[in-house]
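Survey of secondary and tertiary structure
As a plain string of letters, each chain reads:
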Amino acid sequence: MFRHMWIFLHKLASPPHFYGLAAKMIPWFYVSGLLLIAYGTIAGLFYAPADYQQGDAFRIIYVHVPAAYLSMMAYSIMAISAGIGLIWRMKLAHAVAAAAAPLGAWFTFLALATGSIWGRPMWGTWWEWGDPRLTSELIMLFLYFGYMSLRAAIDETSKADKASAVLILVGAVNVPIIHFSVEWWSSLHQGPTLVREGGPAIETAMLYPLLGMILGFTLFFGALLLARVRAEVLHRERRSRWVRNLILGESA
Amino acid sequence: MTEPANPTLWQGFAAVVKRDLLLAYKRPGDMLNPLFFFAMVSTLFPLAIGPAGDQLKLLGPGVVWVAALLSVLLSLNSMYLSDLEDGSLDQLILSPQPLPLIALGKTVAHWLVSGFPLVLVSPLIAITYQMPTETIGVMVVTLTLGTISLSLLGSVGAALTVGLSRGNALLSLLVLPLAMPVLIFGARTVALAAADDAVSAGVYFLAAYCMLALSFAPFAAAAALKISNE
Amino acid sequence: MMEMLAMGKYGAYVWSSFGLMFIVMIACVVQARSRHRKMYQQIESRLKAMDSAT
C-alpha cells in the first residue's frame, strides 16, 4: 500500500509526468472552482439574508474571508514545499513554492483591499490600525514581497530555490509570533473588529455561500498553482530532452 | 606563538569574536555610523513634530525603538560583506569548526559592536524625550533583549543576501517584517512602563523571543551562508 | 430588482469588493497563462536557433 503510494508520488514528482498530468487537471479545477464561486457569489449577494447589525455590508465577507484564508494557505504551502525541497532535494517542491508566492501576494492584496472597503462603512475609516487581522495581513504582504524580491535578486535557479526556502522557513516560525504580537498590541487599544467573537451563530443561509466561496477559491487557487508550476517546470527543464521533444515535436 | 592543533569549540568561537572585534576597532566608522544614525533619527522627530513636551513623552518609546531598529538594520549589511570581499568567508565555511558556531560568533561580535553601544547611548536620548528614570530602566532591558534578537534575526538576512547586488535594500525588506514582533513588544512595553502599567508580560515575551532566535538563527544563518557561497 | 442591487446603502462597497475579486481573478489567470506562454516561446526560439545553427 505504502509502496504503491511512494511509487505514485515519485512518478508525480517527475517533471514530464507532472507537466502532462497538470495540463489535464487544470480545466477540472477551473470549472469546479468557478462554479462554486458563481454559486457563492449569487447566493451570497441575493439569497443570504442581510446581517441584523451590518446590513448588506456584511456581504463583503464572501470575498474577504476566502481571500484572507488563501493568503495564509499559500504561505503554508510555500513553507511545507520549501521544507520538502530542502530535506529531500525535490526540485518540484521548490517550483511549487516559487509558483505559490505571487498568488499568495495577490490574494493577500485582495484581503487587504476588501478589508479596507468593508472597514469604511463599518468603522468610518478606510484603515483601522486597531484591527489585528488587517495589520497581520499587511505584514503578510511584506513577507511575500520579501520572498519574491529575494528570488528575483538571485540569477541561478537552484541557489534562489534554496535561499528562498531558508527565508520562508524562518518566516514560517515567525508568522504565528507576528499574529500573536499584533493581537496583543491591538488588545492594548481596544480596537473594533469585523468578525464578532462569540456573537450569535451564523445562519445557514449565510454560511453555505461562504463555505462554497472558500472551497471555490481553493479549487481556483489549485488551478492557478498548477498552471504556474507548469511554467516553472518548463523553465527549469529547458535543457532537457523531454522539453525538446515536446516543443519541437509539436511544432514540427 | 603556536596554535593548538585541534582548537576546541570555545576557542574557535572566541577566535571569531575576537577577530571581528579587532576589525571593528581598526575601522571605528563601521561602529560609529549606526550610532550617529540612531542619535540623528531621534533628533528628527522633535524637529518634525514640534517641541511640545507632552507629545514627545508619548512618542518617545516608539521613536527610540524605531531608530534602534533602523540603525541595527543599517549595520547588518557589513556583517559578512568584508569577509566575502577578502575571501575569509570561504575559509570560515571550510574550517573544521561547526558553521553555526561561527555564525553565532559573528552575531555576538556584531551585537557587541552595534547593539550594545546603542543600548548604552539610549538613556541619553530617553532623557531628551523626558522619560522618567524607572521607564529608562525598562527601556534599557527591552533594548538589550531586542537588539540581541535583531542581530540574530539579521544574521540570517545578512547571510542570505551576502554577495547580491543591491543586497542592502533587499536585506531591509527581508528582515523588517520578521522584526515586527520585537518592535511591537519592545516599544509597547516601554510605553506601558511610562504609563505606570505592568511590564512583565512584554519583558518575558522579549526574553522568550531572544531565546528562540538564539536557538534557531545560528543554524539558519549557517545554512544560508553555505547556499550563498556555492 | 433595483433595490436588491442597491444593497441597502452599501451598494458601492459591496459591488466594488466583488468587482475587485473578479479583477484579481482575471489578473491571476492572465498572468499564469502568459508566463507559461512566455517560457514556451523562449525555449522554442532557442531550440530552433540551435537547430538551424547545426
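Residues numbered from 1 in each chain as written. Chains lettered and ligands numbered in written order. Predicted model: local features only at pLDDT ≥ 70, side-chain atom pairs only at ≥ 80, totals over all residues. Heavy atoms only, no water.

Quick word on the overall build of chain A
Stated formally: Under the DSSP-based scheme used, a helix requires at least four consecutive residues in state H or I and a strand at least two consecutive residues in state E, with every element numbered from the N terminus. The buried label goes to any residue with under 20% of its type's maximum accessible area, the exposed label to any with over 50%, and the partly exposed label to all in between, with areas taken from a 1.4 Å probe on protein chains only. When checking whether two residues touch, look at their non-hydrogen atoms; a contact exists if any pair is within 4.5 Å.
Scanning chain A from N- to C-terminus turns up eight helices and zero strands. Helices (α) and strands (β) of chain A occur, in sequence order from the N terminus, as α-α-α-α-α-α-α-α. Taking the principal axes of its C-alpha atoms as reference, chain A extends roughly 60 × 40 × 40 Å. The 252 residues of chain A split such that 53% are buried. Across chain A, the fraction of contacts at a sequence separation of at least 24, relative to all contacts at a separation of at least 6, is 78%.

Focus on the packing of helix α4 (residues 91–123) of chain A against helix α7 (residues 204–236) of chain A
All names here are of chain A. Put simply, the rule is: Interaxial angle, 0 to 180 degrees, is taken between N-to-C directions of lines fitted to C-alpha atoms, where a helix line uses only the stretch in contact. What sets the label is the angle itself: under 35 degrees gives roughly parallel, over 145 gives roughly antiparallel, 65 to 115 gives roughly perpendicular, and the rest give oblique. For any helix crossing, the convention is left-handed if the near helix is rotated counterclockwise from the far helix by under a right angle, and right-handed if that rotation is clockwise.
At a minimum axis separation of 8 Å, α4 and α7 run at an interaxial angle of 135°. With respect to each other, α4 and α7 are oriented oblique. The handedness of the crossing between α4 and α7 comes out as right-handed. Residues Lys91, Leu92, His94, Ala95, Val96, Ala98, Ala99, Ala100, Pro102, Leu103, Phe107 and Leu110 of α4 touch α7, and the partners they reach there are Phe217, Phe220, Phe221, Leu224, Leu225, Arg228, Val229, Glu232, Val233 and Arg236.

Focus on unusual backbone geometry
One non-glycine residue, Arg89(A), lies in the positive phi region at around 50°. Mapped onto the fold, Arg89(A) is located in the loop between α3 (61–88) and α4. For Arg89(A), a relative accessible area of 68% translates into the label exposed. A positive phi angle, close to 60°, is found at Gln130(B), a residue other than glycine. Considering the arrangement of structural elements, one finds Gln130(B) in the loop between α6 (99–128) and α7 (133–161).

Digging into the packing of aromatic side chains
All names here are of chain A. Put simply, the rule reads: Here the aromatic set is Phe, Tyr and Trp, taking the six-membered ring for Trp, and pairing holds for ring centres within 6.5 Å; pairs whose planes are under 30 degrees apart are stacked, those over 60 apart are edge-to-face, and all others are tilted.
Per the counting criterion, the structure on display carries 17 aromatic pairs over all chains. Each ring, one from Tyr19 and one from Trp242, has its centre 5.6 Å from the other, and the planes form 55°; the classification is tilted. One end of the pair, Tyr19, is in helix α2 (residues 15–47); the other, Trp242, is in helix α8 (residues 241–251), with 223 residues separating them in the sequence. No difference in accessibility class separates Tyr19 from Trp242, as the two residues are buried. With a centroid separation of 5.9 Å and 55° between ring planes, the pair formed by Tyr30 and Phe220 is classed as tilted. In this pair, Tyr30 sits in helix α2 while Phe220 sits in helix α7, placing the two residues 190 residues apart along the sequence.

Digging into the environment of Thr161(B)
One can find Thr161(B) in helix α7. You can call Thr161(B) buried: its relative accessible area is 3%. Expressed as a C-alpha distance, the spacing of Thr161(B) and Leu225(B), which sit 64 residues apart in the sequence, is 9.1 Å. Residues in contact with Thr161(B), not counting those within four places in the same chain, are Leu150(A), Gly167(B), Leu170(B), Leu171(B) and Leu174(B).

Some words on the interface of chain B and chain A
Put simply, the test is: By definition, the buried area sums, over both parts, the 1.4 Å-probe accessible area that each loses when the two are put together. Salt bridges are counted wherever a side-chain nitrogen of Lys or Arg sits within 4 Å of a carboxyl oxygen of Asp or Glu. Contacts described as polar in this section are N or O atom pairs within 3.5 Å, which, within protein, must combine one atom able to donate a hydrogen with one able to accept it, while residues neighboring in sequence count only if both atoms come from side chains.
Listed per partner, the contact involves 26 residues of chain B and 27 residues of chain A. Together chain B and chain A conceal approximately 2,400 Å² of surface at their shared face, both sides included; 83% is due to carbon and sulfur atoms. Its largest share of buried area at the contact with chain A, chain B owes to Leu160(B), Leu178(B) and Ile227(B), together 22% of the area lost on that side. Our count for the chain B to chain A interface comes out at zero salt bridges. Applying the counting criterion to the chain B and chain A interface returns two residue pairs in polar contact (both at pLDDT 80 or more). Elements with a minimum of two residues in the side of chain B that touches chain A: α7, α8 (167–194) and α9 (200–228) of chain B.

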